[in-house]
Amino acid sequence: MSFFPFFQWCDATAIGAAIRNSRWLFPLVESIHLLGLTVLLGTVIVLDLRLLGLGLRRQPVARVAAGLSGLMAGSVVVMLGTGLLLFLSEALKCYASPPFRVKMLFLFTAILFHYTAFRAIAKDKRAEARPILSKLVGVVSFALWMGVGLAGRAIGFY
Amino acid sequence: MSLLSLCQWLQDTPWGTAIRESVWVFPIIETTHVLALSISVGTIAIVDLRLFGVILKKEPASEISQQVLPWSVAGFVVMFLTGALLFWCQAVKAYNSPFFRIKLICLFLAGLNALIFQFTVNKTMATWDRDLIPPARARLAGLASLVLWTGVIAAGRTMAYKF
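What counts as what
Residues numbered from 1 in each chain as written. Chains lettered and ligands numbered in written order. Predicted model: local features only at pLDDT ≥ 70, side-chain atom pairs only at ≥ 80, totals over all residues. Heavy atoms only, no water. Helix = DSSP H or I, 4+ residues; strand = E, 2+ residues; numbered from the N terminus. Buried < 20%, exposed > 50% of the residue type's maximum accessible area, 1.4 Å probe, protein only. Contact = heavy atoms within 4.5 Å. Areas by Shrake-Rupley, 256 points an atom, 1.4 Å probe, with all protein chains shown as cover. Buried area = accessible area lost by both parts, 1.4 Å probe. Salt bridge = Lys/Arg side-chain N within 4 Å of Asp/Glu carboxyl O. Core = buried A, V, L, I, M, F, W, Y, C linked by side-chain atoms within 4.5 Å. Expected span 1.5 Å × (residues − 1). Bend = angle between axes of the 7 residues up to and from the residue. Arc of directions from axis to C-beta. Polar contact = N/O pair within 3.5 Å; in protein donor to acceptor, adjacent residues only side chain to side chain.

Whenever I open this one, the overall build of chain A confuses me. Can you help?
Each helix and strand counted, chain A has seven helices and zero strands in total. Listing the helices and strands of chain A from first to last along the sequence gives α-α-α-α-α-α-α. In terms of principal-axis extent, the alpha carbons of chain A reach across some 55 × 35 × 25 Å. Looking at chain A as a whole, 48% of its 158 residues are labelled buried. Of the contacts formed within chain A by residues at least 6 apart in sequence, a portion of 80% connects residues at least 24 apart. With an accessible surface of roughly 8,000 Å², chain A has 74% of that area assigned to carbon and sulfur atoms.

Quick look at the structure:
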């Protein structure tokens, strides 16, 4: 079975066509998408710096993570929502784009990693007692989200 | 010499031409610019949202800004340098784009806001450091920063489109 008919269907949706045919909608949605990414990356970086022991060392990991979980979830929702709209408007282009596939792979892994391994270490009251594991989670998390951003930018080029 | 002819001269320099016409260098600079911008403005937004009394309310405001802002500055340096290279290779396009002008104005105002904050509200931070909701002037500075950086990003992104 091929995914192609699904991408064709997405490309033909009324919402997709409306965004594609509008002068303002695509740049507007794209800008909101980028703003969502900015807040998301800012949040991820502060969390990862804390795990790496490079920032907010006086604050317990669990408290920093709890304080930022709302912002993290909110920015993920904004990114997924606007990302879906952008995808509908150029689904066929995405189908042909290798960076799009790479991005989806990174995105899926990054979200999965965040709500499993990252959340486990962030909720662990003794995260401070496991510096190596904390640092590893911090590095992997950062790499995965940067991968999402890099591959996403590349969709515009290739 | 007019500003436009200066822009024309700048992008016609060997370096400007080389970057503009390159297969790999331009996308790499552009991508670095966007990611550095996300890192810089994203971390600034964390500090702004603390100033506004939205997130990390249990942590002292001074602690958040001192620990997070050095990374914002590092990101800003990379963003500024890559931004200068991007301008260098397409100065005429930037000159002719109204969005580039909006972006520069927002950038200037964001810098001015940070400078004013540094020399006024920041000095009294010790008196409200642990407040769940900081005083009105601090909240205003945080909000202004969020709005202005949103302007920088939205205008910067829109530069790529013709209307």
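Here the narrative resumes, following the displayed structure.
What's the story with the overall build of chain B in this structure? I'm lost.
Looking only at helices and strands, chain B features eight helices and zero strands. From first element to last, N terminus to C terminus, chain B shows the α and β order α-α-α-α-α-α-α-α. Overall, chain B is about 55 × 30 × 30 Å in size when its C-alpha atoms are taken along their principal axes. When the 163 residues of chain B are sorted by exposure, 47% land in the buried category.

Is there a simple way to think about the interface of chain B and chain A in this case?
When the parts of a complex come together, some accessible area is lost, and that lost area is often taken as the interface size. Counting residues at the interface gives 33 residues for chain B and 33 residues for chain A. Of the roughly 3,000 Å² buried where chain B meets chain A, counting both sides, 75% is carbon and sulfur surface. Among the residues of chain B in contact with chain A, L35, R157 and F163 of chain B are the three that bury the most area, contributing 18% of the side total. Counting across the interface, chain B meets chain A through four salt bridges. The partner of E30 of chain A in a salt bridge is R157 of chain B, with the nearest N and O atoms 3.0 Å apart.

Quick question: what am I supposed to make of the nonpolar core here?
A general tendency of soluble globular proteins is for nonpolar side chains to be buried together. In this structure, L68 and W145 of chain A together with I46 of chain B are the most contacted members of the largest nonpolar core, which totals 51 residues. Within the residue set of this core, elements represented by two or more residues are α3 (25–52), α4 (61–89), α6 (98–123) and α7 (131–155) of chain A together with α3 (25–51), α4 (61–89), α6 (98–119) and α8 (136–158) of chain B.

Whenever I open this one, α4 of chain A confuses me. Can you help?
Since the α-helix turns once every 3.6 residues, residues separated by three or four places project in the same direction. Its 29 residues give α4 of chain A an end-to-end C-alpha distance of 40 Å, which sits within 8% of 42 Å, the value for a rise of 1.5 Å per residue. At L68 of chain A, α4 of chain A shows its strongest bend, of approximately 45 degrees.

Can you walk me through the pattern of salt bridges in this structure?
Pairing between side chains becomes possible if they bear opposite charge and their charged atoms approach one another. Inspection of every chain in the model, using the stated rule, returns seven salt bridges over all chains. With a shortest N-O distance of 3.3 Å, R20 of chain A and D11 of chain A are connected by a salt bridge. Measuring nitrogen to oxygen at the nearest pair gives 3.7 Å for the salt bridge that ties E30 of chain B to R153 of chain A. A residue pair is termed interchain when its members come from two chains, as with E30 of chain B in helix α3 and R153 of chain A in helix α7. A single burial state applies to E30 of chain B and to R153 of chain A, both of which are buried.

Quick question: what am I supposed to make of helix α1 (residues 4–12) of chain A here?
Residues and elements named next belong to chain A. Listed in full, the buried residues belonging to α1 are F7, C10 and D11. Viewed end-on, α1 has its buried residues packed into an arc of 100 degrees, placing them on one side of the element. For α1, exposure combined with an orientation more than 90 degrees from the buried face picks out W9 and A12. Residues of α1 that are buried sit in contact with α2 (14–21), α4, α5 (91–96) and α6.

So what exactly am I meant to see when it comes to the side chain of H33 of chain A here?
All names here are of chain A. Along the polypeptide, H33 turns up in helix α3. Owing to a relative accessible area of 11%, H33 belongs among the buried residues under this scheme. A polar contact is formed between the side chain of H33 and the backbone nitrogen of G83, at a distance of 3.4 Å. Setting aside its immediate chain neighbours within four residues, H33 contacts M79, T82, G83, L86 and K103.

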